[in-house]
Amino acid sequence: MELEDANYRYYVLDDPSLTDIEFDRRMRELSQLELNDPELKNPNSPTNKVGGAVADRFSSIQHLQAMLSLGNAFSVEELRAFVNRVCRRLLDAGLVKTTSTKDTLFDDLTTELEFVAEPKLDGLAVNILYRDGVFESAATRGDGVSGEDISQNVKTIRAVPMKLKGAAPEYIEVRGEVFLSHDGFAKLNSMQLSLGDKVFVNPRNAAAGSLRQLDSAVTASRPLDIYFYGVGAHSDDFTFISQHDLLGKFRDFGLRVSPLVKQVKGFGGLQAYYQELALLRAKLKHDIDGVVYKVNLISQQQALGYVARAPRWAVAHKFPAQEERTKVLGIDVQVGRTGAITPVARLTPVFVGGVTVSNVTLHNRDEIERLDVRVGDEVIVRRAGDVIPQIVKVAPRLKSQNLMPFKFPECCPDCGSPLHFDGQLVIIRCTGNLVCGAQQKERIKHFASRRAMDIEGLGDKVVEQLLVAQLIVDIADLYTLDVDSLKVLERFAEKSAQNLIVAISESRNTTFARLIYALGIMHVGEVTARQFSLEFTSIKDIQAASIEELIAIDDVGLVVAESIYEFFALPANNKVVSRLLGAGVTWPVTEISESVQRTLPLVGEVVVVTGALSKMARSEAQQLLRDLGAKVTGSVSKKTTRVIVGDAPGSKATKAQQLGIPILSESEFSDWLKQKQAG
Ligand code: IVH
């Protein structure tokens, strides 16, 4: 009972009562007891959640009540038509009244009718039968009349209770969607990759594959989740007056219901819900492919009835697809500023997941081999949420197409230098470094970018022109340019040439952190650059630092330290840096005297800001903290004194919790600042 309750609190209430370790210990204890005294084992013991039962095939189970499907609405017009149909029928059935005298317009009705709006979960429907509150069986939807008996597998899902809470009906079929979260999906796939097993195309397929395992221990190892949304056959001792009421009773039974479910009114309410979820979609922890609207009152549902295999009282309003098919026009390899080689597929542009996609990264050679993607292939492109678009699968190709497998180049496509294939890191690099034109171009673009030296007007095209015309070779050459030399370039006139020269000239006055970042040293991002700018006041100091001294800096590990050390060990790099300084690149040395330093209110604080803040940008908050004397770092460590969490914080908040570091919400943060500034 204790374990059942712990599962319920963890998976249904999101409010754990036991730590993971305690839970595991108790679970092992129960397993041991059951092993010692097998006759005491309850068939619905929580130990079922670890799986074990192995089937050689799935037998079939007939649903007590058929599982139906849903009609779809793909546009606002189709949604409007659904609402109108519903109102028309309810009027005819005498269940609702209208003040409208027109036969086709009943605005009062379409604004007043009650619906329950729910996310349309993208997973697999299951039907679970509870008899006297005890889990009896679970089946897939199948053909709607009967499905496969996946009881052993469904039992392993942590959020599925073996026993309903409270007074349970004699029997009840409850229906829900089994799915995998994005996290669960990513974890599962990286596990599959490391085991050399099949990688799943999307969370839905992964959930389906996991549920249809003959060995339930395999299912148990998959982080499956479930939300309940409907009911099938049930004994007369179970009654409910509305969908809202039903979901409330589900919650009381300990069955998980999506927290996004909402009771809404009328056509306007449905539309608002759709918009709300469309915006939330990218931030959700799991896939949804639309929303489902259900007429709330059961009396109204009954009057509306069914057509073919779908209820007239519900409809699915679909979101734009997250997967589309398109053609691979070519595969290029790109060279990054640090020489990293990335293959990129050029596609016939396709609208997917809300954006037009015409290029997708293929990451590395292994990925191309795994997908066996070839120029001319039809592929499935997926873009879910804010995740970068990717090719998930190559459509079956015809033999007659005779496409050539992609051959990964052995040399840099730009400078011809041999590529370095690091088996471990899967990163392939051009060894050309300083002689590689592509790397050089990327380095210059990075140097000029907004967060580095911020040279307006120095984008991809212009850098390319300058390099081709041999006006520059490296970043230091930028400061030797003049208006006359620029004017000869295509698309440059006196004015535009002047503008660029001014922008370049103004970039000379920068900050030390920006300059360090702008150098484009491998593994040195903005946060690290800032850290260095706090510890050192001159380039000379950094050049002279040993690896040990570099590691001693907050947030700097061996990889970063070595990278910096190697950068400055190269005479060519040092030469570029001294030419930059010679050209007048300078920054204010904020020699905050020790006494001033000590009077700043947040001296001694080491703060991490994570998640999205609502009142200011994260970078503003960080600047504010620094201005008040705090040290701001990018990752949580034992040295961290406080973590500010905004919306949708990630692993940093979790880590802070584990380390017992005080966590401040945005409002607590601003209170804290006020208090510190006052005191
Ligand atoms: S209600 C009679 N509600 O979508 C009503 N279905 O396209 C039947 N689904 O088979 C389903 N989320 O697998 C309902 N909130 C939700 C749902 C949902 C996902 C799935 C379910 C169903 C399919 C129909």
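(A) Local environment of the overall build of the chain. Per the secondary structure count, the chain includes 26 helices and 24 strands. Split into buried and exposed, the 679 residues of the chain put 46% on the buried side. Considering only contacts within the chain whose residues lie at least 6 apart along the sequence, 65% involve residues at least 24 apart. Of the roughly 34,500 Å² of accessible surface on the chain, a fraction of 52% belongs to carbon and sulfur atoms. Of the charged side chains in the chain, 79 are positive and 85 negative; the average position of the first set lies 2 Å away from that of the second.

(B) Representation of the pattern of salt bridges in the model. Summed over the entire model, instances satisfying the criterion amount to 33 salt bridges. Residues K120 and D289 are paired through a salt bridge, measuring 3.9 Å at the closest nitrogen-oxygen approach. Of this pair, K120 sits in strand β3 (residues 114-121) while D289 sits in strand β10 (residues 288-295); the two residues are 169 residues apart in sequence, bridging distant segments of the chain. Under the relative-accessibility criterion, D289 is labelled buried at 17%. Here E535 ties to K631 by a salt bridge, and the two come within 3.3 Å at their closest N and O atoms. Of this pair, E535 sits in helix α18 (residues 526-535) while K631 sits in strand β22 (residues 631-632), placing them 96 residues apart in sequence.

(C) Main features of the environment of S563. Assignment of secondary structure puts S563 in helix α21 (residues 558-569). Beyond its immediate chain neighbours, meaning those up to four positions away, S563 contacts I521, M522 and H523. Here M522 takes part through its backbone oxygen, which lies 2.5 Å from a polar atom of the side chain of S563.

(D) Geometry of a negative patch on the surface. A contiguous patch of negative charge, built from D132, E170, D236 and D237, is present on the exposed surface. Position of D237 among the secondary structure elements: in the loop between β8 (224-234) and α9 (243-253).

(E) Focus on the nonpolar core. F447, I455 and L478 are the most contacted members of the largest nonpolar core, which has 53 residues in total. Dropping the residues within four chain positions of it, L478 is found in contact with I444, F447, I455, L458, L466, I472 and I504. Counting 39 residues, the second largest nonpolar core, distinct from the first, contains Y130, I157, I226 and V231.

(F) Geometry of the side chain of T510. Position of T510 among the secondary structure elements: in the loop between α16 (494-506) and α17 (512-518). Residue class for T510 comes out buried when judged on its relative accessible area of 8%. Once you skip the residues sitting within four places of it in the chain, T510 turns out to touch M453, L515, V585, T586, W587 and P588.

(G) Expanded view of helix α22 (residues 571-582). With 12 residues, α22 extends 16 Å from end C-alpha to end C-alpha; this agrees with the ideal 16 Å at 1.5 Å per step. Among the residues making up α22, those that are buried are N573, N574, V576, V577 and L580. Seen from one end, α22 has its buried residues packed into an arc of 160°, which puts them on one side. When the buried face of α22 is taken as reference, the exposed residues oriented beyond 90 degrees from it are P571, K575 and G582. Buried residues along α22 sit in contact with α13 (437-448), α17, α19 (539-544) and α21. In the segment just after α22, G584 is the residue with positive phi, at about 100°.

(H) Fine view of the sheet that holds strand β4 (residues 124-131). Pairing is antiparallel in the open sheet, where 4 strands are placed in the order β5-β4-β7-β8. Strands with a single pairing partner mark the edges of an open sheet, and in this sheet they are β5 (134-140) and β8. Strand after strand, the sheet turns through a mean of 30° between neighbouring axes, direction not considered. Sheet strands touched by α9: β7 (171-180) and β8. Its angle to β8, the strand with the most contacts, is close to 120°.

(I) Seen up close, the environment of Y306. Position of Y306 among the secondary structure elements: in strand β11 (residues 306-307). Residue classification places Y306 among the partly exposed positions, given a relative accessible area of 45%. Sequence spacing of Y306 and S59 is 247 residues, and the spatial spacing of their C-alpha atoms is 29 Å. Once you skip the residues sitting within four places of it in the chain, Y306 turns out to touch L68, P311, R312 and W313.

(J) Fine view of the sheet that holds β10. What the 5 strands build is an open sheet, ordered β2-β13-β10-β3-β9; its pairing is mixed. The outermost strands of the open sheet, each flanked by one partner alone, are β2 (71-73) and β9 (262-265). Averaged over all pairs of adjacent strands, the angle between strand axes in this sheet comes to 35°, irrespective of strand direction. Bridge count for β3 against β10 is 7 bridges, and the pairing is antiparallel. What sits directly across from V116, in β10, is K294. Packing against the sheet, helix α10 (residues 266-280) makes contact with β3, β9, β10 and β13 (314-318), and its axis sits at approximately 135° to β9.

Cut-off values and rules
Residue positions are counted from 1 within each chain, in the order its sequence is given. Two thresholds apply to this predicted model, a pLDDT of at least 70 for residue-level local features and 80 or more for giving and counting side-chain atom pairs, whereas whole-chain, interface and lining totals are computed over all residues. Calculated side-chain values reflect all of the structure's heavy atoms, with hydrogen atoms and water omitted. Counting from the N terminus, the helices are DSSP H or I runs at least four residues long and the strands are E runs at least two residues long. Here's how the labels work: a residue is buried when its accessible area is under 20% of the maximum for its type, exposed when over 50%, partly exposed in between, all with a 1.4 Å probe on protein chains only. It only takes one pair of heavy atoms within 4.5 Å for two residues to be counted as in contact. To measure how exposed things are, a 1.4 Å probe is used in the Shrake-Rupley method; for residues, cover is taken only from the protein chains shown. Charge assignment in this entry is limited to Lys and Arg as positive and Asp and Glu as negative, and neither His nor the chain termini are counted. Where a charge lies is defined by one atom per residue type: Lys uses NZ, Arg uses CZ, Asp uses CG and Glu uses CD. The term salt bridge refers to a side-chain nitrogen of Lys or Arg lying within 4 Å of a carboxyl oxygen of Asp or Glu. Within 3.5 Å is the distance limit for a polar contact, defined as a pair of N or O atoms, with the added protein rule that one can donate a hydrogen and the other accept it, and that residues adjacent in sequence qualify only through two side-chain atoms. Patch rule: a residue counts if its relative accessible area is over 30% and it has no salt bridge; like charges are joined within 9 Å, and nonpolar side chains (Val, Leu, Ile, Met, Phe, Trp, Tyr) within 5 Å. Take the buried Ala, Val, Leu, Ile, Met, Phe, Trp, Tyr and Cys residues and link them wherever side-chain atoms come within 4.5 Å; each set so joined is a nonpolar core. Helices are assigned an expected span. That span is 1.5 Å times one less than the residue count. Starting at the helix axis, one direction is taken to each C-beta atom, and the arc is that of these directions. Note: two strands are recorded as paired if DSSP finds a minimum of 2 bridges between them. Between N-to-C directions, angles cover 0 to 180 degrees, with each direction set by a line fitted to C-alpha atoms, over the stretch in contact for helices.

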